Amino acid sequence: MSINLVPMPNEFHTDYKLFFRRNILESITVEYDSEYSAEEYSIVIDDKGAAVKCSTKAGENCAHQTLRQLEFGYSGNIPYLTIHDKPAFSHRGFLIDCCRHFFTVEELKKMIDAAALFKFNKFHWHLTEDQGWRMEIKKYPLLTEKGSQRPYSNFGRYYDSKPYGGFYTQEEMKDIVEYCRKKSIDVIPEIEIPGHSSACLHAYPHLSCTGKEVPVRTHAGIFKDILCAGKEEVYEFLFNVIDEMTAIFPGEYIHIGGDEAPKDRWKECPHCNRKMRELGLENYEQLQGYMLNRIYDHLQKKGKQAITWNESLRGGNLEKGIIVQNWMEKNDECTIRASQGGKIIVSDFFHYYVNYPLGMTPLKKTYMYEPIPSELHENMRKNIIGVETPVWTEFIDNFEDMSKMCFPRMAAVAETGWTNRDKKDYVDFKHRLTYVIRMVEEMGLKYPDVSQWDPRFLQSAKQVIKFAYNMYNKETVKALRK
Ligand code: ACM
Ligand code: ZN
């Protein structure tokens, strides 16, 4: 028995015999019941309308999204039904990279509306990068004055000779936080430490190891100039930036980066090497662990949790309380972390990165991915706290293209995040989604036709070749060679 809802509720019954024939959204009663957990809700639909039970605003919002989908799909003919529902995972996130390309507050709100429809509850906002710093910090005005601007953009096919820039004022970020709060979505802002920080170093070169001029980058890549881990002024800077961030973002989490940070500059740096000696650290990965632990410590004093990307585990000294986001683990480092009690968010590159074409990551591949490693002991499975799907925007320069990459795959991650594994069924999901996804079009988003969701082999091969071809132009190839 199925019904056109995404994600599929965990307990659901209808016999499709009797129908509610008015607008269900105008006939809702809500009763708060403290027996329910945070996002848990129940709905009974009968001749009186929809009777909702929950214990929090988040539960009420989840019920509301279910009712919106029912009104959209069955308007005037909603079967009498009962639903009792709660999520499989507490963390159900989507990440938007607003640095490689910038999206307006109004565009982000459309994405947030669509994410809320599928019961996502975390918006991971990627705000600092090599190609642009996008977050206003009043104490350090050059971060946005200089760091939010690049002279041109050279992302392969997306070559654009015009200067490119943009940032969010503190008022705009607070507006997004409030918009999300009403939908029970926490905003997780990300500041990249120590790598992916060219734009920051362009604004304040003394924060790098060499102190030399660093450009805001114009092309994709991993860059060697990173924040110095040896200079105390870098920590002072980061603490000050984080203090402003915590005043804007009231949520529990701040993401502090930690991915793709080459150690070339640190190896040559007297400050970094002195810090290593003083602390008795054995290698530069441990120095990264030390650096992020200090930021974590500062966040803890403010009652906040830290999240880092999985590379930060490599020194073996990352504080146990830091949540690790697994995008591409090595040597089962995240599974081992979870088996020792560490909390993990799953964002697997090959399954959950929706910035790659459907020919590489088709809908079925995203849907079928099981975020809990089979080798993880049953008692430790609770340490996989959830799933998150990123859209990175090196090769996406406008909102319409972004929404076409996000949908339908975001809905697949949403269902994995919400619906218990034994209730998931791909064929049924795809069928349900063909109805529900029309709602995102009404919200001003675009998605590809259902015939493209799981491309055949030849179509896939063509898409992958085209994507790879479009990543490069003469100048990017030259930069890569260098
Ligand atoms: C990442 O994709 N470097 C997190
Ligand atoms: Zn240094």
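Residues numbered from 1 in each chain as written. Chains lettered and ligands numbered in written order. Predicted model: local features only at pLDDT ≥ 70, side-chain atom pairs only at ≥ 80, totals over all residues. Heavy atoms only, no water.

Q: Pulling in residues and values, what's your account of the coordination of the zinc ion (ligand 2)?
A: Of the protein atoms, only Cys209 (SG), Cys228 (SG), Cys269 (SG) and Cys272 (SG) coordinate the zinc ion (ligand 2), at distances of 2.3 Å. Look at where the donors of the zinc ion (ligand 2) fall in the sequence and you get C-x18-C-x40-C-x2-C. Of this pair, Cys209 sits in the loop between helix H5 (198-203) and helix H6 (232-248) while Cys228 sits in the loop between H5 and H6, and the two are 19 residues apart along the sequence. (Donors = N, O, S within 2.8 Å, 3.2 Å for Na, K, Ca; no water. Helix = DSSP H or I, 4+ residues; strand = E, 2+ residues; numbered from the N terminus.)

Q: Tell me about the sheet that holds strand E17 (residues 253-257), and please be specific about residues and values.
A: Here eight strands make up a closed barrel; going around it, the order is E8-E9-E16-E17-E18-E19-E20-E21 and the pairing parallel. Neighbour-to-neighbour, the strand axes of the sheet open up by a mean angle of 30 degrees, direction not taken into account. With five bridges connecting them, strand E9 (residues 122-126) and strand E16 (residues 186-193) associate as parallel partners. Note on E16: the bridge partner recorded for Trp125 is Pro189. The sheet strands contacting helix H2 (residues 105-117) are strand E8 (91-97) and E9, and the helix crosses E8 at an angle near 160 degrees. Its contacts with the sheet place helix H14 (residues 409-418) against E8 and strand E21 (384-391), and it is angled at close to 175 degrees to E21. (Pairing = 2+ DSSP bridges. Axes fitted to C-alpha atoms, helices over the stretch in contact; angles between N-to-C directions. Contact = heavy atoms within 4.5 Å.)

Q: So what's going on with the nonpolar core? Residues and values would help.
A: Ranked by internal contacts, the top residues of the largest apolar core, which has 114 residues, are Phe118, Phe123 and Trp125. Per-element accounting of this core gives the leading share, nine residues, to H6. Not counting residues within four places of it along the chain, the set of residues in contact with Phe118 comprises Val6, Pro7, Gln69, Phe407, Ala411, Ala414, Leu433, Val436 and Val440. Counting 21 residues, the second-largest nonpolar core is a separate cluster that includes Leu5, Met8, Ala63 and Leu81. (Core = buried A, V, L, I, M, F, W, Y, C linked by side-chain atoms within 4.5 Å. Buried < 20%, exposed > 50% of the residue type's maximum accessible area, 1.4 Å probe, protein only.)

Q: So, the environment of Lys330: which residues are in play, and what are the values?
A: Mapped onto the secondary structure, Lys330 falls in the loop between strand E19 (323-326) and helix H10 (333-339). Since its relative accessible area comes to 47%, Lys330 is described here as partly exposed. Along the primary structure Lys330 and Thr66 are separated by 264 residues, whereas in three dimensions their C-alpha atoms are 39 Å apart.

Q: Quick rundown of H2? Include the residues and the values.
A: The end-to-end C-alpha distance of H2 is 18 Å, a good match for the 18 Å that 13 residues give at a rise of 1.5 Å each. Most of H2 is tucked away, with 10 of its 13 residues classed as buried. Taken residue by residue, H2 has Val105, Leu108, Lys109, Met111, Ile112, Asp113, Ala114, Ala115, Ala116 and Leu117 as its buried positions. One or two residues past the end of H2 sits Lys119, with phi positive at roughly 70 degrees. (Expected span 1.5 Å × (residues − 1).)

Q: Account for the side chain of Thr335, naming residues and giving values.
A: Locating Thr335 in the fold gives a position in helix H10. Contacts of Thr335, omitting those with residues within four sequence positions, involve Glu329, Pro373, Glu375 and Leu376.

Q: Go over unusual backbone geometry with me, naming the residues and quoting the values.
A: Cis geometry is adopted by the peptide bond preceding Pro194, which originates at Ile193 and carries an omega value of -10 degrees. With respect to the element layout, Pro194 can be found in the loop between E16 and H5. A cis amide bond links Phe407 to the next residue, Pro408, at an omega of 15 degrees. Structurally, Pro408 can be placed in the loop between helix H13 (399-406) and H14. Located in the positive-phi region is Tyr16, a residue other than glycine, with phi close to 50 degrees. Mapped onto the secondary structure, Tyr16 falls in the loop between strand E1 (11-13) and strand E2 (19-20). A positive phi angle is found at His196, which is not glycine, with a value near 45 degrees.

Q: Please provide a residue-by-residue account of the pattern of salt bridges, values included.
A: Following the criterion strictly, the structure yields 27 salt bridges and no others. The residue Asp175 makes a salt bridge to Lys109 at a minimum N-O spacing of 2.9 Å. Of this pair, Asp175 sits in helix H4 (residues 170-182) while Lys109 sits in helix H2, and the two are 66 residues apart along the sequence. Asp175 gets classed as partly exposed once you look at its relative accessible area, which sits at 33%. Its relative accessible area of 13% is what places Lys109 among the buried residues. Measuring nitrogen to oxygen at the nearest pair gives 3.5 Å for the salt bridge that ties Arg274 to Glu278. Linking Arg274 with Glu278, this pair stays in helix H8 (residues 270-279), spanning four residues, or about one helical turn. (Salt bridge = Lys/Arg side-chain N within 4 Å of Asp/Glu carboxyl O.)

Q: Give me the packing of H2 against H13: which residues, what numbers.
A: How two helices pack is summed up by the angle between their axes together with the distance between the axes. Look at H2 against H13: their axes get within 11 Å of each other, and the N-to-C directions meet at 15 degrees. By the angle class used here, H2 and H13 are roughly parallel. Along this stretch, H2 crosses H13, giving a crossing that reads as right-handed. Residues Glu107, Lys110 and Met111 of H2 form the contact with H13, whose participating residues are Phe399, Met402 and Cys406. When grouped by side-chain class, the residues that make up the contact of H2 with H13 number four nonpolar, no polar and two charged. (Parallel < 35°, antiparallel > 145°, perpendicular 65-115°, else oblique. Left-handed = near helix turned anticlockwise from the far one by under 90°. Nonpolar A, V, L, I, M, F, W, Y, C, P; charged D, E, K, R; others polar.)

Q: Go over the packing of H6 against helix H9 (residues 284-301) with me, naming the residues and quoting the values.
A: At a closest axis distance of 11 Å, the pairing of H6 and H9 adopts a crossing angle of 40 degrees. Between H6 and H9, the interaxial angle falls into the category oblique. In terms of crossing hand, the pair formed by H6 and H9 is right-handed. Residues Glu232, Val234, Tyr235, Leu238, Phe239, Ile242, Asp243 and Thr246 of H6 lie in contact with H9, whose contacting residues are Tyr290, Met291, Arg294, Ile295, His298 and Leu299. Residues of the contact of H6 with H9, tallied by class, amount to nine nonpolar, two polar and three charged.

Keep in mind these numbers describe shape, not what the thing actually does.
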